[in-house]
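# Summary of the model geometry
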Amino acid sequence: MLKQELRLGSMSKRKASRSPECVHRPAKAERLTTNASTPSTSSRPPFSHTTLSYPSTKPSQPVKPVPFQQPTGLLTFSYTSQRVLEFTDSALRYYVDPPPGADLRYGYERWIKRPEERTRLDGLLRAVERVMQRADASTGPGSGAKWLRDIAVVTWRGIMTKILTAPYEDRDRFELNAMYVNGTLYMEEHLSDARLREKEDLAPKQRLQTYYGYSFESWCTSSSPGIPERLDGHPVGWGGDVDTNVQWCSVIKTKLGDSRLVVGGEVDCVRERFNGKMDTFVELKTSMSIRNAGDEARFEKKLLKFYMQSFLLGVPEIVVGFRTPAGRLTTTQTFKTIQIPRLVRGKPGAWDPQVCFSWGQEFLTTLNSILSAPAEAAKDGDNDGSEASSEPEAQVWRIVFVPGEGVKVSLLDEAGVRDVEGGDERVGILPRWYYDRIADKDPGPPSSVDTSSVPPPTTNVTLPSATTSSFQGWHI
């Protein structure tokens, strides 16, 4: 049985392997099918869909590891309590040890929960725009656009986590919306109105368990390095009432196989200091205390998403708070992200990160080939000469991930695109201001952005070359 304090804790002290290890997977079967249905009566090209099945997760034969480049930080930004995006570190928090036996129910009635809403890329796109502006300022006009053309994917960390771990997902179906514009693939999660209501109207027990994770973050963070908070009217160590509007986010560039990715995601806190690098990032998680073999197996399964979330964003350390069913903290344990796969390797039902990365590379390559194909000409009489029908970049695709089966990719019709846009000033999933900029409709920055106030690059906003031939991989 897995020991929370000894066996797992000892893993963080082992020296990480410096060479990729052989992994196993069965030989590829033919997994790609394409179907065409009745042509749409709108100005969209004929509707079609492609299905890609998941690889087997049972070890069988060696497979060449897919390289994953060590993430490079581009910049950080904060969301305030009013949900205003600022290119500052105002929401940055520092890790502190939580008090023994901390009550994770504390402050529940004062929880400010951000309403469930469509998960847009807008904040991440503001960051991409800022990187482009700095490139233009440092190396000349057009440098930012050139940098972006070398980026294959722009998306949130949570979406990449779901994509990569999909072969092992056995419960939750999820959907994405995607667009391909000027050589870059953009993906957002698709949440229907019914799904948003479901997420908003959680059962009381589930809502409380969700809060436990946020409460643990408050107990583990402070506004000052190494000094627990002492707030009037609250227990020592309480970092402040939970407001999920407030977030500190990091944007990184990395590479999976041949695909360069720009990924953004929330970072819970840093240990001791932040100098623009990711080596002090800390991810905070909670889990039920391990009491038996069943609990151990469930925790080891959860470790896949713990690992992938942190690995993608370059977070080197995960602190897990183990709790009782009633929300009382029993112990904490630190895991080195790079060493987590070793904890499950060789066990029955163990997950393999190389299966995830190999699948991720195959998925992105296939999706890129589908979405980048020239749009078919609409049938005579269907094309009204509108801009939407003549711009393949404006096409929106729905990607549906079905547990245990695979992925279905289909082109949305006009009604589907309007639903995605939701009445906002958008072109598909992209805000109009961003689409016009990257589609070369607006050679300059949007009028809403004051480029005169953009400071010169610092250590946390350097712009690495997207075409460099050097490569640093994370060995897993």
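The structure this text deals with has already been given above.
Here goes a summary of the coordinates provided.

## Comments concerning the pattern of salt bridges
According to the stated counting rule, one finds 29 salt bridges in the structure shown. The partner of R93 in a salt bridge is E229, and the shortest N-O contact between them spans 3.7 Å. Separated by 136 residues along the polypeptide, R93 in the loop between β6 (85–86) and β7 (94–95) and E229 in the loop between β11 (221–222) and β12 (247–256) bring together distant segments of the chain. Exposure remark for E229: the relative accessible area of 11% places this residue in the buried category. With a closest N to O distance of 2.8 Å, D122 and R426 form a salt bridge. With D122 in helix α2 (residues 122–139) and R426 in strand β20 (residues 426–427), this residue pair connects regions lying 304 residues apart in the sequence. You can call R426 buried: its relative accessible area is 10%. Through salt bridges that share partners, R120, D122, E188, D424 and R426 make up one connected network.

## Here's the deal with the environment of T221
Checked against the element boundaries, T221 lands in strand β11. It is 9.8 Å that separates the C-alpha atoms of T221 and L284, two residues lying 63 residues apart in sequence. For T221, the residues in contact, after removing those within four places along its chain, are R93, Y94, V96, E229, G239, D268, C269 and L284. In terms of polar contacts, T221 uses its side chain to reach the backbone carbonyl oxygen of E217, at 2.8 Å.

## Digging into the nonpolar core
In this structure, M187, F363 and F401 are the most contacted members of the largest nonpolar core, which totals 65 residues. Excluding anything up to four places from it in sequence, F363 contacts L52, I163, M187, I399, F401 and V407.

## Some words on helix α11 (residues 414–421)
Three or four residues apart is the spacing at which side chains of an α-helix point the same way, because the helix has 3.6 residues per turn. Listed as buried for α11 are E414, G416, V417, V420 and E421. Summarising the axial view, the buried residues of α11 lie within an arc of 160°, below the 170-degree limit, and thus occupy one face. A positive phi of about 60° marks G422, the residue just after α11.

## Considering helix α6 (residues 204–219)
For α6, spanning 16 residues, the distance from its first C-alpha to its last is 22 Å, which sits close to the expected 22 Å at 1.5 Å a residue. The complete set of buried residues in α6 reads L208, Y211, Y212, G213, S215, F216, S218 and W219. Buried residues belonging to α6 abut β11, β15 (281–288), β16 (317–323) and β17 (329–336).

## Section: the side chain of E317
Residue position: E317 is located in strand β16. Residue classification places E317 among the buried residues on the basis of a relative accessible area of 8%. The contacts of E317, once residues within four sequence positions are left out, are R271, F281, V282, E283, T334, F335 and T337.

## Some points on unusual backbone geometry
For R83, which is not glycine, the phi dihedral falls at a positive 65°. Here N182, not a glycine, exhibits a phi torsion of approximately 50°, which is positive. Among the secondary structure elements, N182 is positioned in the loop between β9 (174–181) and β10 (184–189). A residue is classified by how much of its surface remains accessible, and N182, at 33% relative accessible area, is partly exposed.

## What about the pairing of strand β13 (residues 259–266)?
Most of β13 sits out of view: 7 of its 8 residues are buried. Where strand β8 (residues 153–156) meets β13, 4 bridges bridge the pair, whose relative direction is parallel. Across the sheet, residue V154 finds its bridge partner in β13, namely V262. Sheet topology places β12 next to β13; 8 bridges connect them, and they run antiparallel. The residue bridging S250 from the neighbouring strand is G265, located in β13. Between β12 and the antiparallel strand that follows it, β13, lie 2 residues; G257 among them carries a positive phi value of about 60°.

## What about the packing of aromatic side chains?
Within this structure, the stated rule accounts for 26 aromatic pairs. Ring centres 5.3 Å apart and planes at 35° place the aromatic pair F68 and F357 in the tilted group. Within this pair, whereas F68 is found in the loop between β4 (62–63) and β5 (72–79), its partner F357 is found in helix α9 (residues 353–371), the two being separated by 289 residues in sequence. Comparing F68 with F357 shows no difference in burial state: the two are buried. Considering the side-chain rings of F299 and F306, the 6.3 Å spacing of their centres and the 75° angle between planes classify their relative orientation as edge-to-face. By the ring-pair criterion, three or more aromatic residues cluster together here, those being Y54, F174, W359, F363 and F401. In this structure, R83 packs its charged tip against the face of Y79, placed 3.8 Å from the ring centre. Looking at R126, its charged tip hangs above the ring of W433, at a distance of 3.6 Å from the centre.

Definitions and limits used
Residues numbered from 1 in each chain as written. Predicted model: local features only at pLDDT ≥ 70, side-chain atom pairs only at ≥ 80, totals over all residues. Heavy atoms only, no water. Salt bridge = Lys/Arg side-chain N within 4 Å of Asp/Glu carboxyl O. Helix = DSSP H or I, 4+ residues; strand = E, 2+ residues; numbered from the N terminus. Buried < 20%, exposed > 50% of the residue type's maximum accessible area, 1.4 Å probe, protein only. Contact = heavy atoms within 4.5 Å. Polar contact = N/O pair within 3.5 Å; in protein donor to acceptor, adjacent residues only side chain to side chain. Core = buried A, V, L, I, M, F, W, Y, C linked by side-chain atoms within 4.5 Å. Arc of directions from axis to C-beta. Expected span 1.5 Å × (residues − 1). Pairing = 2+ DSSP bridges. Phe/Tyr/Trp six-rings, centres within 6.5 Å; stacked < 30°, edge-to-face > 60°. Lys NZ or Arg CZ within 6 Å of the ring centre and 35° of its normal.

What is shown is where atoms sit, not what they do.
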